[in-house]
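# Structural overview for review
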Number of protein chains: 2
Amino acid sequence: MKKSYLFIVALFLLFQNSLFASGTATWIWYPGDYEIWLGNEMNNRRTERGAFFPPFWKIDSHYVVVEFSKEVALTEPEEIEIKVEGRYNIKLDGKLQFGMPERFLLPAGKYSLNIKVWNQATPPAIFVNGKTVKSDGTWKVTFEDKEWIDESGKASDTSTTFYMHAGSAGFNSIDNPPSAYKLAVTPQSVVSKERYGEGELLDFGKETIGFLQLKGLRGKGNIHIFYGESREEALDTAYCETLDRFSVDGVRIRDESLGLTYPLSDTFTMENSKAFRYIYITKDADVTYSDIGMLYEYKPEEYRGTFRCNDEELNRIWDVSTYTMHLTTREFFIDGIKRDRWVWSGDAYQSYLMNYYLFFDSQTVRNTIWLLRGKDPVTSHINTIMDYTFYWFLSIYDYYLFTGDSRFISEIYPRMQSMMEFVLGRTNKNGMVEGLAGDWVFVDWADGYLDKQGELSFEQVLFCKSLETMALCAELTNNEEDKVKYEEMASGLREKLIPAFWDEDQQALVHNRVNGIQQSEVTRYSNMFAVFYDYLTPEQRQSIKNSVLFNDSVMKITTPYMRFYELEALCALGEHDRVMTEMKDYWGGMIREGATSFWEKYNPSDEGIEHLEMYGRPYGKSLCHSWGASPLYLLGKYYLGIQPVKAGYSEFSITPNLGGLKWMEGSVPTPNGEIKIRMDEKTIRVKASEGNGYLTFVSKSKPTTSVGTIEKMDENHYRLWIEEGKEVVVIYKF
Amino acid sequence: MKKSYLFIVALFLLFQNSLFASGTATWIWYPGDYEIWLGNEMNNRRTERGAFFPPFWKIDSHYVVVEFSKEVALTEPEEIEIKVEGRYNIKLDGKLQFGMPERFLLPAGKYSLNIKVWNQATPPAIFVNGKTVKSDGTWKVTFEDKEWIDESGKASDTSTTFYMHAGSAGFNSIDNPPSAYKLAVTPQSVVSKERYGEGELLDFGKETIGFLQLKGLRGKGNIHIFYGESREEALDTAYCETLDRFSVDGVRIRDESLGLTYPLSDTFTMENSKAFRYIYITKDADVTYSDIGMLYEYKPEEYRGTFRCNDEELNRIWDVSTYTMHLTTREFFIDGIKRDRWVWSGDAYQSYLMNYYLFFDSQTVRNTIWLLRGKDPVTSHINTIMDYTFYWFLSIYDYYLFTGDSRFISEIYPRMQSMMEFVLGRTNKNGMVEGLAGDWVFVDWADGYLDKQGELSFEQVLFCKSLETMALCAELTNNEEDKVKYEEMASGLREKLIPAFWDEDQQALVHNRVNGIQQSEVTRYSNMFAVFYDYLTPEQRQSIKNSVLFNDSVMKITTPYMRFYELEALCALGEHDRVMTEMKDYWGGMIREGATSFWEKYNPSDEGIEHLEMYGRPYGKSLCHSWGASPLYLLGKYYLGIQPVKAGYSEFSITPNLGGLKWMEGSVPTPNGEIKIRMDEKTIRVKASEGNGYLTFVSKSKPTTSVGTIEKMDENHYRLWIEEGKEVVVIYKF
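This one's a predicted model, so the numbers in the text were calculated from it and none came from an experiment.

Attention now moves to the relation of the copies chain B and chain A. Between the two copies, chain B and chain A, the superposition gives an RMSD of 0.1 Å; the rotation angle is 180 degrees and the shift along the axis is 0.0 Å. What we have between these two chains is a two-fold relation. The position closest to the rotation axis in chain B is occupied by the C-alpha of B:Ala121, lying 2.0 Å away. With an isologous cut-off of 70% or more, the 100% of interface residues of chain B that recur at the interface of chain A puts this contact in the isologous class.

Residue and element names in this part refer to chain A. The terminal C-alpha atoms of helix α10 (residues 480–501) lie 32 Å apart, and with 22 residues this matches the ideal 32 Å at 1.5 Å per residue to within 8%. Of the positions making up α10, those classed as buried are Asp482, Lys483, Tyr486, Ala490, Leu493, Leu497, Ala500 and Phe501. Viewed along the axis of α10, the buried residues span an arc of 135 degrees, placing them on a single side of the element. More than 90 degrees from the buried face of α10, the exposed residues found are Glu480, Glu481, Glu488, Glu495 and Pro499.

Every contact between the two is made by 68 residues of chain B and, on the other side, 68 residues of chain A. Taken over both partners, the interface formed by chain B and chain A buries close to 5900 Å², and the fraction arising from carbon and sulfur atoms is 61%. Summed over the shared surface of chain B and chain A, the result is zero salt bridges. Our enumeration of links across chain B and chain A arrives at 18 residue pairs in polar contact (both at pLDDT 80 or more). If you list the elements that add at least two residues to the side of chain B that touches chain A, you get α2 (33–43), β3 (51–52), β6 (87–92), β9 (109–118) and β17 (242–249) of chain B. Residue composition of the side of chain B that touches chain A, by class: 29 nonpolar, 19 polar and 20 charged.

Structurally, chain A comprises domain 1 (25–175), domain 2 (184–298), domain 3 (386–441 + 448–555) and domain 4 (642–731). The centre of domain 1 of chain A, based on its C-alpha atoms, is set 47 Å off from the matching centre of domain 4 of chain A.

All names here are of chain A. Overall, mixed pairing links the five strands, which are arranged β30-β31-β35-β38-β37 in an open sheet. Of all strands in the sheet, those with a lone pairing partner are β30 (642–644) and β37 (710–714), marking the two edges. Adjacent strand axes in the sheet meet at a mean angle of 25 degrees when their direction is disregarded. Strand direction decides the pairing type here: strand β31 (residues 651–654) and strand β35 (residues 692–698), joined by four bridges, are parallel.

So, about helix α8 (residues 406–424) of chain B. Residues and elements named next belong to chain B. Over its 19 residues, α8 runs 25 Å from end to end, which matches the ideal 27 Å to within 8%, given 1.5 Å per residue. Along its length, α8 shows its largest kink, about 45 degrees, at Ile412, and proline Pro414 lies within four residues downstream of that point. Structurally, the start of α8 carries an N-cap: the backbone nitrogen of Arg407 is 3.3 Å from a side-chain oxygen of Asp405.

Residue and element names in this part refer to chain B. You can see Asp451 is positioned in the loop between α8 and β25 (455–456). Buried charge without a salt bridge: Asp451, with Lys452 as the nearest opposite-charge side chain at an N-O distance of 8.7 Å. Polar side-chain contacts of Asp451 include one of 3.2 Å to the side chain of Tyr449. Of note is the side chain of Asp451, whose polar atom sits 3.0 Å from the side chain of Asn512. What Asp451 contacts, discounting residues up to four positions off in sequence, is Leu456, His511, Asn512 and Val514.

Parameters and conventions
- Residues numbered from 1 in each chain as written.
- Chains lettered and ligands numbered in written order.
- Predicted model: local features only at pLDDT ≥ 70, side-chain atom pairs only at ≥ 80, totals over all residues.
- Heavy atoms only, no water.
- Least-squares fit on C-alpha atoms with pLDDT ≥ 70 in both.
- Contact = heavy atoms within 4.5 Å.
- Helix = DSSP H or I, 4+ residues; strand = E, 2+ residues; numbered from the N terminus.
- Expected span 1.5 Å × (residues − 1).
- Buried < 20%, exposed > 50% of the residue type's maximum accessible area, 1.4 Å probe, protein only.
- Arc of directions from axis to C-beta.
- Buried area = accessible area lost by both parts, 1.4 Å probe.
- Salt bridge = Lys/Arg side-chain N within 4 Å of Asp/Glu carboxyl O.
- Polar contact = N/O pair within 3.5 Å; in protein donor to acceptor, adjacent residues only side chain to side chain.
- Nonpolar A, V, L, I, M, F, W, Y, C, P; charged D, E, K, R; others polar.
- Domains from an automatic or database assignment.
- Pairing = 2+ DSSP bridges.
- Axes fitted to C-alpha atoms, helices over the stretch in contact; angles between N-to-C directions.
- Bend = angle between axes of the 7 residues up to and from the residue.
- Lys, Arg positive; Asp, Glu negative; His and termini not counted.

Put into structure tokens, the structure is as follows:
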């Protein structure tokens, strides 16, 4: 225990260090504010057939006046460089200094340095760089300093100003302020072209996103561009989901959708990126262009998680998953690149989990959690969806478990409290949640009727887990009162779950209870979650396998979204071989349909263009949807078998499972390292560059190891403690 | 009764008409949002010795995404012109339309027209103009439309979207959007110049505010400008409260305070207006200018209230009051033009009351009430001050009483509710308010010790009146439940006031109660307010006159702020002659000290530069402070004697009192008219262009009238019903 405690401390220090490396100045702001602002830029970029299409939930904004403060102790005067996004002042121990200086000589001594900034359009942010005084996460910030003075000039002594630690995101250059942030771009080429009707159809070879370029524009007239994730969509000018129209008058080009005009130049690059594989272009005869280019827009990410095996189809599934994941990993984790290009909590929750097995991009997880929560007052569920509120809670403890970053928990905890107050204000007399007016009870896009009335077992399971998360996070912030309160609420609700929803005859949790009466319908959702949340007795868990998960009369899941949890539940029940088959059928099925990224929804029984339709629109479906990428998570967590046991991988577990493969190898990222594994039917080779933990495996005869001592757990089950940095080779019998 | 009811209806219609004249398109926005945004522009304009000086309370911002909607029924297609501040889309019955058109052809039929706008920097606002479809206050707005669709494309049917009526402020030209709003300017000249030391001292002859202009700038070097409301301040370069520094390099001029650079031109006009009477300029030898100009910056207002009498000193007091009032009536009612240039609720409350007797500028009252309240969540008292929260409540019913505008009450009522929830969350076990950490208990700038501990009688009186206001406004919005709730709270608190604070020995309300123990100190504040709120028995009221108001051993008031209420209390007790003397002494005293506008604080016993000092700074005092202008309110309300009895002056009362004058004449504005009166020692001449009401007066013999019938009330007291539009002459005996 002591060892792992020291590890946590060490990792925490390391982590803090990587965020706020001593001696490095960075742009800072009120925590969450840059994220909310950037999220507005992201969420308001969606268009539908040339119309601007913002979200329908409340869009928050940053605090427009923020004070930044730092206690300074200087033995000699020090000149600082200051750059600010906004109008600002500088105070030394409350005394205002002249003007808005870009360089300022701090006197020797101990005093408070305050910089107060006003900015309506973008978040107030500062960059301060001196020999020792540098803006970083140790600065404090407030949106309300409440420092009045009385008639004599004396400051108030009963201030209750609430300070937070400043937020930052690695903007370490004074000339690279946060409001200027853009994703990276790189040119991408057309793979094939063909004349079609009056126009030209271009194929970029795979799903992509970026800024189209019109080169060598001449003449006068209109140019129409129709985008398609499929060939059918691009060619269906009346129904494709996204399009653009430009008019050229010989000297200027006007983007008719955005209402913006630009002077003509050699290369006109569009203002807004679009998602597509195909584009179809038509134009008036009097306007010409020499070529079409494209700048692929992406977030630079390191592919830290890897997977390879003897099955090329599975390798392809992994690759398409990682590409899908990369396309939807942008300023935030979004749902899909064509549609909605919005940040949805349920979708993002899965992206976080997948991200831990691929990029381990903690910054984008934090960005997304801040944005989704927004500001008080809470006026609705996150994205208006009840279940999405619960995923938001769950994501926070997950984040801590994978990263070990307890600082973030402290920062976000006040917003967790007010979000949970909102939820608790909407519970019924049984302490359960029901959809009230204004609540979207989503669950899943189901191919069949899904009752949303009364107390849904699915929502109660998520609610219960959210209350447990509140208690865990309260403990991490040393809030004993909240910890006890939420533990009591969670256990109170948990005790009600089985009496309320378990149907002994059907050996399953039923879908819902209406006016206190248990309904008879069984759906998969709550049963799946109850399995991996361990809310059932071992007997109930095993029953569910046959009564629900393998029961074809229970409505099937046709979204990768819920397939994610369904297959996870099966893995938790040890059904790796079966899950492997289902992965190859389902995701392999999409690839066989021509997918270059995974889809929002896939029903294997659909045919042809039926695959493209959704929401009553022929091309409504998104063909690049983050929740489609889940194989990379399943392969990392349940086949490579690696997951954190203690925060930030200070302890991990490795439980590899070939699931019918002959061999597999891969790596899973940890905060500052990686865990590598290679397994075939004879050997398991493991190396962790940080952390320690048990390798657990099955062997039909007594295994051997190159390092350490293997313990026998029970028949055929063994474990071996893996120490940081040491490569271990285990010989076992398959 | 029936007659006045009809009048209310008629006035209401007239009022609605003037706000949203049929057939006039106007810029619209989310109610309160433009006001909050403009308030940030205003409140963030303050500087102190060249440093930007924003407020210390929470600064809110507008909703950045707003949907505007209108139910349309057209018998034939209609083209509309559209202008929007922000990025926008158009929907017809939920169907998105292409682009951001500036002209759009609405089809015939019945449907919803929605325009959704995103704007981070300035409030989303739209202007729509067609033959019949025009943006106006009948449009609805929301910041959260919650209109999700399900997988089939069906819209949610349990939406609880909260809609408000759109806000507007008379921006009736498509080319004059709200974000471009500026006060008016007009050139103003220097009255005298003199060389002083190394520089030049300019006197503009009176307190003023505006943009200084440097003409014919040549050469290189620095120019320093020191502003003074007094000659002493301008010349004291080390301590004057405001200053500017410019550097000229032959081709450019740099404003060193704002950090902005401009090309040199014939006339350089400063970015920010400043308040001053005197300016002192010094400069380097190598830089020259040919002249100094100034653009006076002001809000165009009609001086609808008038007053003249036989006493020239009183006429001068009226004139300086109206000038003070005009200088501080800007985008909002502010405290003072030099300092703080901020919107403070206690100050604004008096400005509203004075405004009703001078400009009757209802728009600026509404602007100020919206801004002060800001957005939820409430994190502190308004301006952090407990008493200022209460004045905010009181101002709203006053507004209704003077204007008859019940629509505004409906709009602001939800924010009244959440503000009152904040207050109720901070009451003690007696249901009384005490200053908790973070609450500024202000009361007044007192020349002596003012205990702020425990339950202050002053705060309870304001709290009680605020609860009564909540009940009245709940009734106006047909919220019966709230009405009953707040009536019960108000009467509960009122019953506690006398037992808690009345000291039978001292015949006064004591200042406070600490830990349930009545303290012995008596101050004027609660006693004054209890008089005009009628919270006392007739005997107690009369006792207070001698035990408190005329008692020199009770700490004297030295701010015009509390003099306002003190003199109002004396008027309410019939002490007009005495108040007239005090007005002439106190405000006349400031004029004799050279005031061209009235001050933040005036202690007649101070001498020379002692008058300029405050907050421990030699020129800290504001010499143009709105709360200094109260004579115009006292003269209108208690001497001309005119006030509304029913909302919007549908019924008024006229109770003129010469207060020792030989004659007086004047007019008081009503929403759409005025009430004129002239009185001397023999005749009273009255004419109301709108409304009806009683003229009440004293006569030592039987009076006669030119119109109607005089009723005798009791000995020497008479009344006469005045009908709209009819001039009446009454002959009476003084």
